[in-house]
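# Structure assessment
Below are the chains, spelled out letter by letter.
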Amino acid sequence: MKISTKGRYGLRILLDLALYAGNGPRQMKEIAQSQQISEKYISRLILNLNEAGLIISLRGAKGGLKLALPPKEITLLDIIEAMEGPVCIVECVLDKMFCPKSNDCSACRIWSGLNKKIKKQMQDITLKDLLKSEKNRIARLSV
């Protein structure tokens with residue numbers, strides 16, 4: 001399993017929205033400048049985040065993007081699965097029809113166990129945790 005730019009940038013977009021949440025909705029242009037991601041690419045990524053119910057897009061003069069949920073309710077697993085699809089280290093874990101031996105395969109049981117542990121670890125990390133780390137990083141840089 002390799003997390004693509006979609007997953008990494010999706011996380012950065014949500015982290016940016018969480019960091020500036022007290023300032024009202026955030027413009028795509030602001031996120032693009034702050035995160036050094038093209039506005040065009042962000043516009044494609046926010047579709048996935050919106051569809052997953054992680055952000056809200058507000059129209060109008062005071063519109064923009066904001067988190068749909070508090071940071072403590074958004075997990076790393078939510079973000080990665082919204083951007084990449086189901087977390088799965090090998091196909092047979094997700095789709096037993098992928099391999100005829102999947103139902104009685106020691107290797108598949110190992111992959112399945114590892115997959116569960118990875119998903120559990122990702123479920124235990126919230127956007128709030130990442131926000132705290134990001135604020136600490138910013139504070140270190142400003143000294």
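All values reported here derive from a predicted model rather than from experimental measurement.

### Looking at the side chain of Asn115
Mapped onto the secondary structure, Asn115 falls in helix 6 (residues 106-123). Judged by its relative accessible area of 5%, Asn115 falls in the buried class. Side-chain polar atoms of Asn115 contact the backbone nitrogen of Ile89, separated by 2.8 Å. Asn115 has contacts with Val87, Cys88, Ile89 and Val93, leaving out every residue within four places of it along the chain.

### Things to note about helix 4 (residues 76-84)
All buried positions along helix 4 are accounted for by Leu76, Leu77, Ile79, Ile80, Ala82 and Met83. Packed against the buried residues of helix 4 are helix 1 (5-19), helix 3 (39-51), helix 6 and helix 7 (127-141). Just beyond helix 4, the residue with positive phi is Gly85, at close to 95°.

### Quick notes on the confidence of the model for the protein chain
Averaged over all residues, the pLDDT of the protein chain equals 91, while 99% of them reach at least 70. Put simply, helix 5 (residues 91-94) is where the protein chain has its lowest mean pLDDT, 77, and helix 4 is where it has its highest, 97.

### Things to note about the side chain of Thr126
Residue placement: Thr126 occurs in the loop between helix 6 and helix 7. On the accessibility criterion, Thr126 (14% relative accessible area) is buried. Aside from chain neighbours lying at most four places away, what touches Thr126 is Pro71, Lys72, Ile74 and Thr75.

### Details of the pairing of strand 1 (residues 55-58)
Where strand 1 and strand 2 (residues 64-67) come together, 4 bridges link them in antiparallel fashion. Among the inter-strand pairings, Leu58 is bridged to a residue of strand 2, identified as Gly64.

### Points about the packing of helix 1 against helix 4
The N-to-C vectors of helix 1 and helix 4 enclose an angle of 130°; their axes lie 8 Å apart at closest approach. One finds that helix 1 runs oblique with respect to helix 4. Crossing angle aside, the handedness with which helix 1 passes helix 4 is right-handed. From helix 1, Lys6, Gly7, Gly10, Leu11 and Leu14 reach across to helix 4, where they touch Leu76, Ile79, Ile80, Met83 and Glu84. Per-class residue counts for the contact of helix 1 with helix 4 are 6 nonpolar, 2 polar and 2 charged.

### Some remarks on a nonpolar patch on the surface
Together, Ile110, Trp111 and Leu114 make up an exposed nonpolar region whose accessible area comes to about 280 Å². With respect to the element layout, Trp111 can be found in helix 6.

Calculation notes
- Once a new chain begins, its residue numbering starts again from 1 and follows that chain's sequence as written.
- pLDDT decides what is reported in this predicted model: residues at 70 or higher carry local features, side-chain atom pairs at 80 or more are listed and counted, and totals for whole chains, interfaces and linings draw on all residues regardless.
- Each side-chain value is derived from all of the structure's non-hydrogen atoms; neither hydrogens nor water enter the calculation.
- Helix and strand assignments come from DSSP, with helices taken as H or I runs of at least 4 residues and strands as E runs of at least 2, each series counted from the N terminus.
- Think of it in three bands: residues with accessible area under 20% of the maximum for their type are buried, residues over 50% are exposed, and the middle band is partly exposed, with areas taken using a 1.4 Å probe on protein chains only.
- For the purposes of these results, a polar contact is taken to be a pair of N or O atoms within 3.5 Å, where, inside protein, one atom must be able to donate a hydrogen and its partner to accept one; residues adjacent in sequence count only when each atom of the pair is a side-chain atom.
- Contact definition: two residues touch when any of their heavy atoms are within 4.5 Å.
- Each residue carries a pLDDT score, the predictor's own confidence in it, on a scale running from 0 to 100.
- Pairing between two strands is assigned when DSSP locates at least 2 bridges connecting them.
- Here an axis means a line fitted to C-alpha atoms, over the contact stretch when the element is a helix, while the angle between two N-to-C directions is reported on a 0 to 180 degree scale.
- Under this scheme an angle from 65 to 115 degrees is roughly perpendicular, one under 35 degrees roughly parallel, and one over 145 degrees roughly antiparallel; angles in between are oblique.
- Here a crossing is taken to be left-handed if its near helix is turned anticlockwise relative to the far helix by less than a right angle, and right-handed if that turn runs clockwise.
- When residues are sorted by character, Ala, Val, Leu, Ile, Met, Phe, Trp, Tyr, Cys and Pro go into the nonpolar class, Asp, Glu, Lys and Arg into the charged class, and all the rest, Gly among them, into the polar class.
- Any residue with relative accessible area above 30% and no salt bridge may belong to a patch, with like charges joined within 9 Å and the nonpolar Val, Leu, Ile, Met, Phe, Trp and Tyr side chains within 5 Å.
- What sets the accessible areas is the Shrake-Rupley method with a 1.4 Å probe; for residues, cover comes only from the shown protein chains.
- Basic side-chain nitrogens of Lys or Arg form a salt bridge, by our definition, when they fall within 4 Å of a carboxyl oxygen of Asp or Glu.

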